[in-house]
Amino acid sequence: MTTYEPVLARLAALKAMSVNELKAEWTVLFDTPAPNNSRSFLEGRLAYRIQELTFGGPDKQTRRLLDLLAEEVEGTLTRKAQIADPRNPVVGTRLIREWDGAPHTVTVLKDGFDWEGRRYKSLSAVARAITGTRWNGYRFFGLRERKRGDA
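Given the structure is predicted, the values throughout are model-derived calculations rather than measurements. Each residue is numbered by its place in its chain's sequence as written, counting from 1. In view of the model being predicted, local features appear only for residues whose pLDDT reaches at least 70, and side-chain atom pairs are presented and counted only at 80 or more, with totals across whole chains, interfaces and linings using the full set of residues. In computing side-chain values, all of the structure's heavy atoms are included and hydrogens and water are not.

A.B. asks: Where do I start with the nonpolar core in this structure?
C.D. replies: One broad trend across soluble globular proteins is that nonpolar side chains are buried collectively. Among buried residues, the Ala, Val, Leu, Ile, Met, Phe, Trp, Tyr and Cys ones that are joined through side-chain atoms within 4.5 Å form a nonpolar core. Partly exposed describes any residue whose relative accessible area lies between the buried limit of under 20% and the exposed limit of over 50%, with all areas from a 1.4 Å probe on protein chains only and scaled to the type maximum. If you look at the biggest cluster of nonpolar residues, it comprises 14 residues, and the most contacted ones within it are L95, V106, L123, V126 and F141. Here a helix means four or more residues in a row that DSSP labels H or I, a strand means two or more in a row labelled E, and each is numbered from the N terminus. Among the secondary structure elements, those contributing two or more residues to this core are β2 (102–109), β3 (112–115), α5 (123–131) and α6 (137–140). With four residues, the single largest contributor to this core is α5. Setting aside chain neighbours within four positions, we find V126 in contact with V106, F113, W115, Y120 and F141. Any two residues having at least one pair of non-hydrogen atoms within 4.5 Å are treated as being in contact.

Listed below in C-alpha cells is the structure:
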C-alpha cells in the first residue's frame with residue numbers, strides 16, 4: 001500500500017458524507033465548529049486539510065507571500081513589502097524579443113517593466129501591448145522557472 005491510498009480513500013469518503021457528517025469531520029480536523037453549511041466549501045477545505053496533515057503544508061516563505069498577497073488584495077498591506085516574482089530577472093536587465101521582424105527591448109524595473117518609455121506592471125501586459133493578444137509574459141520573453149536539478 002502506498003502513502004497515497006489511505007489519503008485517496010479519505011478524500012473519496014468525503015463525497016459520500018452528509019453535510020452533518022462533513023461538519024463533524026471539520027470539528028475533528030480543525031478543532032472548531034464548521035463555519036457554514038456549504039457542502040462544496042466543506043468538501044474542498046476538508047480535502048485540503050487531510051492532505052496538509054498527511055504531506056505537510058506550504059513552507060514559511062510561501063505562507064509569507066500568500067499573507068502579503070491577501071493583505072494587498074484586501075487593501076490592508078501596512079508594511080513596506082515588495083512582493084517579488086522569483087522569475088523576474090535582476091533590476092536593470094534588458095529583455096530583447098523579436099516580434100514581426102522588429103526587436104523589442106524591455107527593461108526590468110524594481111516595480112515593473114519599461115517598454116518604449118511606458119511602465120507596465122507585468123511582462124504579460126508588455127507582451128499584449130507588443131502582440132495585441134494575450135500571452136504569458138514569461139513565456140513570451142523566454143523566461144521560465146528553473147526546475148530542480150538545473151544549474
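Here the narrative resumes, following the displayed structure.
A.B. asks: Sorry, what's going on with α5 here?
C.D. replies: Three or more residues of α5 are buried, namely L123, V126, A127, I130 and T131. One side of α5 carries all its buried residues, which in axial view fall inside an arc of 115°. On the buried face of α5, the contacting elements are β1 (94–99), β2, β3, β4 (118–120) and α6. Note on α5: the residue one or two positions beyond its end, G132, has a positive phi of about 85°. Within this analysis, the arc is defined by the directions that extend from the helix axis to the C-beta atoms.

A.B. asks: Would you mind going over the packing of aromatic side chains with me for this structure?
C.D. replies: Each aromatic ring pair is summarised here by two numbers: the centre-to-centre distance and the angle between the ring planes. Geometry of aromatic contacts follows a simple scheme: Phe, Tyr and Trp rings, the Trp one being its six-membered ring, pair when their centres are within 6.5 Å, and the pair is stacked under 30 degrees between planes, edge-to-face over 60, tilted otherwise. Applying the stated criterion to the full structure yields eight aromatic pairs. Ring geometry for W135 against F140: centres 5.0 Å apart, planes inclined by 70°, an arrangement best described as edge-to-face. Since its relative accessible area comes to 29%, W135 is described here as partly exposed. When the ring centre of W135 is taken as reference, the NZ or CZ atom of R97 above it lies at 5.9 Å. The rule is short: NZ of Lys or CZ of Arg within 6 Å of the ring centre and within 35 degrees of the ring normal puts a charge over the ring. The aromatic ring of F140 is capped on one face by R97, whose charged end is 4.2 Å from the ring centroid.

A.B. asks: Help me understand the sheet that holds β2 in this model?
C.D. replies: For sheets, the rule is that strands pair by backbone hydrogen bonds, running either parallel or antiparallel. Criterion used throughout: strands pair if DSSP finds at least two bridges between them. Reading across from one edge, β1-β2-β3-β4 is the order of the four strands in this open sheet, with antiparallel pairing throughout. The sheet is open, and its two edges are formed by β1 and β4, each paired on a single side. Strand-to-strand, the axes of this sheet are offset by a mean angle of 30°, without reference to chain direction. Alignment of β3 against β4, held across three bridges, turns out to be antiparallel. Fitted lines through C-alpha atoms give the axes, limited to the stretch in contact for helices. The angle between two N-to-C directions lies from 0 to 180 degrees.

A.B. asks: Please explain unusual backbone geometry as it appears in this structure.
C.D. replies: A negative phi angle characterises most non-glycine residues, just as the trans form characterises most peptide bonds. For D31, which is not glycine, the phi dihedral falls at a positive 60°. Mapping D31 onto the fold places it in the loop between α2 (19–30) and α3 (39–55). Unlike most non-glycine residues, E116 shows phi in positive territory, near 55°. Tracing the chain through its elements places E116 in the loop between β3 and β4. Judged by its relative accessible area of 55%, E116 is exposed.

A.B. asks: Help me out: how do you make sense of the packing of helix α1 (residues 4–16) against α3 in this one?
C.D. replies: Relative placement of two packed helices is described by the angle separating their axes and the distance separating the axes. At a minimum axis separation of 10 Å, α1 and α3 run at an interaxial angle of 165°. Accordingly, the angle class assigned to the pair α1 and α3 is roughly antiparallel. Our pair here, α1 against α3, has a crossing hand that is right-handed. Contacts between α1 and α3 involve Y4, V7, R10, L11, L14 and K15 from the former and R39, E43, L46, A47, I50, Q51, T54 and F55 from the latter. Class assignment for the residues of the contact of α1 with α3 results in eight nonpolar, two polar and four charged. Here the word oblique covers every angle except those under 35 degrees (roughly parallel), over 145 (roughly antiparallel) and from 65 to 115 (roughly perpendicular). Handedness of a crossing is defined here by the sense of rotation of the near helix relative to the far one, left-handed for an anticlockwise turn of less than a right angle and right-handed for a clockwise turn. Note that Gly is not counted as nonpolar here; it falls among the polar residues with everything else outside the nonpolar set of Ala, Val, Leu, Ile, Met, Phe, Trp, Tyr, Cys and Pro and the charged set of Asp, Glu, Lys and Arg.

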